[in-house]
Amino acid sequence: MKAEVQEIRHPLVQHKLTHARSADTTTDNFRRLVRELAAMLAYEATRDLPTELSRIRTPVAECDAPILAGKKLCIVSILRAGNGILDGMIDLLPGARIGHIGLYRDPETLEPVEYYFKVPDDVAERLVIVVDPMLATGNSAVAAISRLKECGVSSLKFVSILAAPEGIATLAEFHPDVPIFTAAIDEKLNEHGYIVPGLGDAGDRIFGTQ
Ligand code: URA
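What comes next concerns the included structure. Everything numeric in this text was worked out from a predicted model, so none of it was measured.

What follows concerns the layout of surface pockets. Of the pockets and cavities examined, the largest pocket occupies roughly 810 Å³. Taken together, 26 residues form the lining of the largest pocket, with Asp-132, Met-134, Ala-136, Ser-140 and Gly-193 sitting closest to its centre. For the lining of the largest pocket, a count of residues per class yields 14 nonpolar, 8 polar and 4 charged. Its boundaries defined by the atoms lining it, the second largest pocket holds a volume of some 200 Å³. Taken together, Leu-49, Leu-68, Ala-69, Gly-70, Lys-71, Lys-72, Leu-73, Leu-93, Pro-94, Gly-95, Ala-96 and Arg-126 make up the full set of residues lining the second largest pocket. Here the lining of the second largest pocket is built from residues that sort into 7 nonpolar, 2 polar and 3 charged.

This is the structure:
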């Protein structure tokens, strides 16, 4: 099974991404751009949600009009940078439940280790959108999605602002059933694990910690 990867080439997405990439962009502008990008990525990632007709009355007439149907949504943020794109997603999906997964990399084994996990009790019945602005090595995304599958989640999507080919390959190898939505697939990872050309450390830029 080959994973579905969607690079969102919409001109508005690319324009905002270019400004976000620039080292000259201030923290407040970076946050705003990431929020706007997240909303546009959420728009694309929810394009195939099922709808059903609902009988309503407009000020002019009665009609059958579409509303969302099917599974309810849950957005799961991979801490900490994932939180930076939650707001933009919630702007578009205000009723979605939110989960958080905290992972750090063990300095010896280099494997992701979970330090926090909180998701809604009914997460298994929901469509879960896992968010992390940077799909770099893919190890955190793989661990987060594996953990959610252990909880019984069967409908998953992954959204990032940037992706490295290495991260896409890893995620696709372990979870080929999970479609990936990203604003750009960059060239490579460098020796420090940063995406090139990338945008730097997303968490530091969102939270202004550097
Ligand atoms: N995480 C980041 O914040 N930036 C990268 O380039 C890679 C991983």
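Structure's up, so let's keep going.
In this structure, Met-89, Val-131, Val-159, Ile-161 and Leu-162 are the most contacted members of the largest nonpolar core, which totals 39 residues. For this core, the elements supplying multiple residues, two or more each, are helix H1 (11-21), helix H2 (27-45), strand E4 (73-78), helix H3 (83-92), strand E7 (127-131), strand E9 (155-163), strand E10 (180-185) and helix H6 (202-207). Considering every element that reaches this core, the biggest residue donor is H2, with 9 residues. Those residues within four positions of Met-89 in sequence are excluded, and the remaining contacts are Ala-38, Ala-39, Ala-42, Ile-75, Ile-129, Val-131 and Val-159. One finds Cys-74, Ile-101, Phe-158 and Ile-168 within the second-largest nonpolar core, a separate group that totals 23 residues.

This part covers the site of the ligand. In the vicinity of the ligand, the contacting residues are Met-134, Ala-136, Gly-193, Tyr-194, Ile-195, Gly-200, Asp-201 and Ala-202. Residue Ile-195 places a main-chain N or O atom 2.7 Å away from an oxygen atom belonging to the ligand. Note that a nitrogen atom of the ligand is positioned 2.8 Å from one of the backbone N or O atoms of Gly-200. Summarising the interface, the protein chains cover 83% of the accessible area of the ligand, which totals 240 Å² for the free molecule. For the ligand, the cavity whose grid points lie within 2 Å of the majority of its atoms is the largest pocket. Among the residues forming the shell around the ligand, the class breakdown is 5 nonpolar, 2 polar and 1 charged.

So, how was this worked out
Counting starts from 1 at the beginning of each chain's written sequence and moves along it residue by residue. Given that the model is predicted, a residue must reach a pLDDT of at least 70 before its local features are reported, and side-chain atom pairs must reach 80 or more before they are shown or counted; all residues, however, enter totals for whole chains, interfaces and linings. In computing side-chain values, all of the structure's heavy atoms are included and hydrogens and water are not. With a 1 Å grid laid over protein atoms only, a set of points is called a cavity when a 1.4 Å probe fits there but cannot get out and a pocket when it is open yet has protein on both sides within 12 Å along at least five of seven lines; lining residues have an atom within 4 Å of a point. Grid points are joined across faces, edges and corners, and a volume is the space filled by probe spheres set on the points. All residues other than Ala, Val, Leu, Ile, Met, Phe, Trp, Tyr, Cys, Pro, Asp, Glu, Lys and Arg, Gly among them, are scored as polar; the first ten of these are nonpolar and the last four charged. As used in this record, nonpolar core signifies buried Ala, Val, Leu, Ile, Met, Phe, Trp, Tyr and Cys residues forming a set joined through side-chain atoms within 4.5 Å. Under the scheme applied here, a residue whose accessible area is under 20% of the maximum for its type counts as buried, over 50% as exposed, and between as partly exposed, the area being computed with a 1.4 Å probe on protein chains only. The numbering of helices and of strands both runs from the N terminus, where a helix is a DSSP run of H or I of at least 4 residues and a strand a run of E of at least 2. Two residues form a contact once any of their heavy atoms are found within 4.5 Å. What makes a residue near a molecule or strand is one non-hydrogen atom of that residue sitting within 4 Å of it. Counted as a polar contact is a pair of N or O atoms within 3.5 Å, where, for protein atoms, one must be capable of donating a hydrogen and the other of accepting one, and residues adjacent in sequence contribute only when both atoms are in side chains. Only the protein chains shown count as cover for residues, and the accessible areas themselves come from Shrake-Rupley with a 1.4 Å probe. In this scheme, a molecule is assigned to a cavity or pocket if more than half of its atoms are within 2 Å of the grid points.

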